[in-house]
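Take a look at the letters that make up each chain.
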Amino acid sequence: QVQLVESGGGLVQPGGSLRLSCAASGRFFNAYAYAMGWYRQAPGKQRELVASITYEGRTNYADSVKGRATISRDNAKNTMTLQMDSLKSEDTAVYYCNAANAFGDNNWGQGTQVTVSS
């Protein structure tokens, strides 16, 4: 089983920045086998992909965050980060860390609240 723990959420003013971190652990977690990503869910909306990154470092971003977000991972430390800049009120959501492999093992963190408000 894979455990994912997020950190770094909070209250941020519009135009500000934040950095979310995710630490992966577990007896069977092998960074090589898992793609990782950040998802978010705003009240009344479906969970959506924010950004993802493969073991090799290939990245994918939602159109809504392109140019404002940077995802990265440290395979040696089993960690992943999401740097977001120029935050908008519509970025307010619970952000979830995800790690998934090709065999259907799909894991979620507990989520961290990000609120963008003045």
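Residues numbered from 1 in each chain as written. Predicted model: local features only at pLDDT ≥ 70, side-chain atom pairs only at ≥ 80, totals over all residues. Heavy atoms only, no water.

Core analysis: the largest hydrophobic core is formed by 31 residues, its most contacted members being Met-36, Trp-38, Leu-82 and Tyr-95. Contributions of two or more residues to this core are made by β3 (18-25), β4 (35-41), β5 (48-53), β7 (69-74), β8 (79-84), β9 (93-100) and β11 (112-116). Residue contacts for Leu-82: discarding those within four places in its chain leaves Leu-18, Arg-19, Leu-20, Trp-38, Val-50, Ala-51, Ala-69, Thr-70, Ile-71 and Tyr-95. (Core = buried A, V, L, I, M, F, W, Y, C linked by side-chain atoms within 4.5 Å. Buried < 20%, exposed > 50% of the residue type's maximum accessible area, 1.4 Å probe, protein only. Helix = DSSP H or I, 4+ residues; strand = E, 2+ residues; numbered from the N terminus. Contact = heavy atoms within 4.5 Å.)

Here we come to the pattern of salt bridges. Side chains carrying opposite charge are able to pair once their charged atoms draw close together. Under the criterion given, the structure shown has five salt bridges. Between Arg-40 and Glu-48 there is a salt bridge, with the nearest N and O atoms lying 2.8 Å from each other. Residue Glu-48 is classed as partly exposed on the basis of its relative accessible area, which comes to 36%. The salt bridge partner of Asp-91 is Arg-68, with a shortest N-O separation of 2.8 Å. With Asp-91 in the loop between β8 and β9 and Arg-68 in the loop between β6 (59-61) and β7, this pair connects stretches of sequence that are 23 residues apart. Asp-91 gets classed as buried once you look at its relative accessible area, which sits at 1%. Residues joined in a network through salt bridges with shared partners are Arg-40, Glu-48, Arg-68 and Asp-91. (Salt bridge = Lys/Arg side-chain N within 4 Å of Asp/Glu carboxyl O.)

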